[in-house]
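# An overview of the molecular structure
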Amino acid sequence: MTARIGPVQATALYVGALLGPGVLTLPALAAAVAGAGSLIAWAALVAASVPLAATFTALAVRYRQAGGIAGLAELAFGTRMFAVIGWCFYCAAPLAACAAALIGGQYAAAALGAGHGTALGVASGILVVVFTANAFGLHASGRLQLGLVGALVVLLTVAVVSAAPHVNPANFHPLLPGSPVPVGRAMAVLFIAFSGWEACGHLTDGVARPERTLPKVAAAAVAIVGVLYLALATVTIGVLGPDAANTPAPFIALLHRGIGDAAGPAAALVALLLTCGAGITFVAGAVRLGDALARRGALPALLTHPGDPAGRPRRNLLIQAGFTLSAAAICVSTNIGVGPLLRVLSVLLAAVTLAGTMAGVVLLPTWRRTAPAVISTAVTAVVLGAAGPLLVAPAVLGAGGATFAALRRARPARDAAHRPSYPAPAEHWRRRPAHRSRRRRPLPPRRSAATPVSASPAARPGRSR
């Protein structure tokens, strides 16, 4: 029987997926686009995450499955959408794990004043932790995630509280920019910080009593992540001011104002916790989705591993590890950094999220549940439309998944058409050729006239009792 995770571990997995490593750099990126107006973008996305959470929670309770958003898209739009959306998320998970490890390594090395070799070593250690935790199954990764998220929330709270006395109210002016365009661009930059629900959608099949657990888990995750994001963004703008846009590591600068010389080790620890948490959740979701894709013919059948009581398809885990290492090797060897990786990842996750919200519009029964899905669809479509040429990535992956699934479905039909026909077992002897007819059994010897016929069967020749 597959091990189930409880509400506390599920909340840790949800918070770990939503509270990713982007919190270390996104406040500075948003401040560079909109200045103090980036706080409006943060608040708008936190508010938009409420209907998004309501939509995916309602879908998860009503349609519990390991296929996640890909399975919901299949129910709403047909069989082909399962492979299209499944491939998008299955290929996005290695990019998420790679980006998390590289960001954690770079941030930890910068916090400790170390060089490039230390960054690569820390990134390698993060990947080892991520894939080792998933090798022991969803239950073990949920327990590890619980410890990581608990320590992370404590450290972020300490950073916000210690830096709050240094807030300068003058840094919040002007709060409203002259045009809404900068705020919209800041929302597009920050969307990746709120795009962890598509990873959580593949974990609902492993949650005990989802109809009771998932609404509480989603509400707790939204509250924790929303408060931390808003508090950290407010303190970053209030303490650093215009310098927040030009600071490569704003979280380290924030900690220096609050706790002094202990900022370096604390920032390194926060980076490790953030990256490990996000990587564990994304890889766990991709492994379970890969098993569902293989069972449905959207991936090679060798990637399914039935009968594992802990819910750990190791073949998919090896594939995810190989893709992650390949992406990391390309980023390191070409010196392109994690910027392009994050942009492609954001587009893929936005495409998966859009498919989930559109499925919610079709599948949810009442207007009270459909209204949040409509709002989430509109917000996600606006953000995805701003991606421009990067929309090629989900289009190519979706076409590849649909083509592979179509070829897999056509192969059994083609093999059946050319398979030789054999007679049914009931017609076997009737269709036997004459030259291979069955030999007749030899007749019993004739009884002579002198042999009496006894009434007892034992007395008859050739018969035994």
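These figures come from a predicted structure and were not determined experimentally.

## What about the overall build of the protein chain?
Each helix and strand counted, the protein chain has 16 helices and zero strands in total. Relative to its 465 residues, the protein chain shows a buried fraction of 49%. When contacts within the protein chain are restricted to residue pairs at least 6 apart in sequence, long-range pairs at least 24 apart make up 81% of them. Accessible surface computed for the protein chain: about 22100 Å², of which carbon and sulfur atoms make up 65%.

## A look at the pattern of salt bridges
Taken as a whole and judged by the stated rule, the model has two salt bridges. When the shortest N-O distance is used, the salt bridge between Arg296 and Glu74 registers 2.2 Å. Taken as a pair, Arg296 in the loop between helix 12 (263–295) and helix 13 (314–334) and Glu74 in helix 4 (residues 68–77) lie far apart in primary sequence, 222 residues in all. Classification of Glu74 as buried rests on a relative accessible area of 16%. Taking the shortest distance from any N to any O, the salt bridge between Asp291 and Arg295 comes out at 2.7 Å. Here the residue Asp291 and the residue Arg295 both occupy positions in helix 12, the gap between them amounting to four residues, near one helical turn.

## A short note on the confidence of the model for the protein chain
Across the protein chain, the average pLDDT comes to 76, with 77% of residues at or above 70. Confidence drops under a pLDDT of 50 for residues 453–460, and excluding neighbours within four residues, the segment shows seven contacts in the predicted structure.

## Describing the nonpolar core
By size, the foremost hydrophobic cluster in this structure holds 59 residues, and its most contacted members are Leu19, Leu24, Trp42, Tyr229 and Phe251. With 12 residues, the top contributor of residues to this core is helix 10 (residues 210–240). If near-sequence neighbours (up to four positions away) are discounted, Leu24 is found in contact with Tyr107, Pro250, Phe251, Val270, Ala271 and Leu274. Core analysis: the second largest hydrophobic core is formed by 56 residues, Trp87, Ala123, Leu341 and Leu397 among them.

## Here we look at the packing of aromatic side chains
Scanning the entire structure with this criterion turns up three aromatic pairs. Their ring planes at 40° and their centres at 6.0 Å tell us that Trp87 and Phe404 sit as a pair that is tilted. Here Trp87, found in helix 5 (residues 80–112), pairs with Phe404, found in helix 16 (residues 392–418); they are 317 residues apart in sequence, far enough to count as distant. A relative accessible area of 25% places Phe404 in the partly exposed class. Centre to centre, the rings of Phe89 and Phe282 are 6.2 Å apart; their planes meet at 20°, and the pair counts as stacked. Residue Phe89 is found in helix 5, and its partner Phe282 is found in helix 12; the two are separated by 193 residues along the sequence. You'll find Phe89 and Phe282 in the same group, each marked buried. The ring of Phe82 carries Arg296 above its face, with NZ or CZ at 5.0 Å from the centroid.

Conventions adopted
Residues numbered from 1 in each chain as written. Predicted model: local features only at pLDDT ≥ 70, side-chain atom pairs only at ≥ 80, totals over all residues. Heavy atoms only, no water. Helix = DSSP H or I, 4+ residues; strand = E, 2+ residues; numbered from the N terminus. Buried < 20%, exposed > 50% of the residue type's maximum accessible area, 1.4 Å probe, protein only. Contact = heavy atoms within 4.5 Å. Areas by Shrake-Rupley, 256 points an atom, 1.4 Å probe, with all protein chains shown as cover. Salt bridge = Lys/Arg side-chain N within 4 Å of Asp/Glu carboxyl O. pLDDT = per-residue confidence, 0-100. Core = buried A, V, L, I, M, F, W, Y, C linked by side-chain atoms within 4.5 Å. Phe/Tyr/Trp six-rings, centres within 6.5 Å; stacked < 30°, edge-to-face > 60°. Lys NZ or Arg CZ within 6 Å of the ring centre and 35° of its normal.

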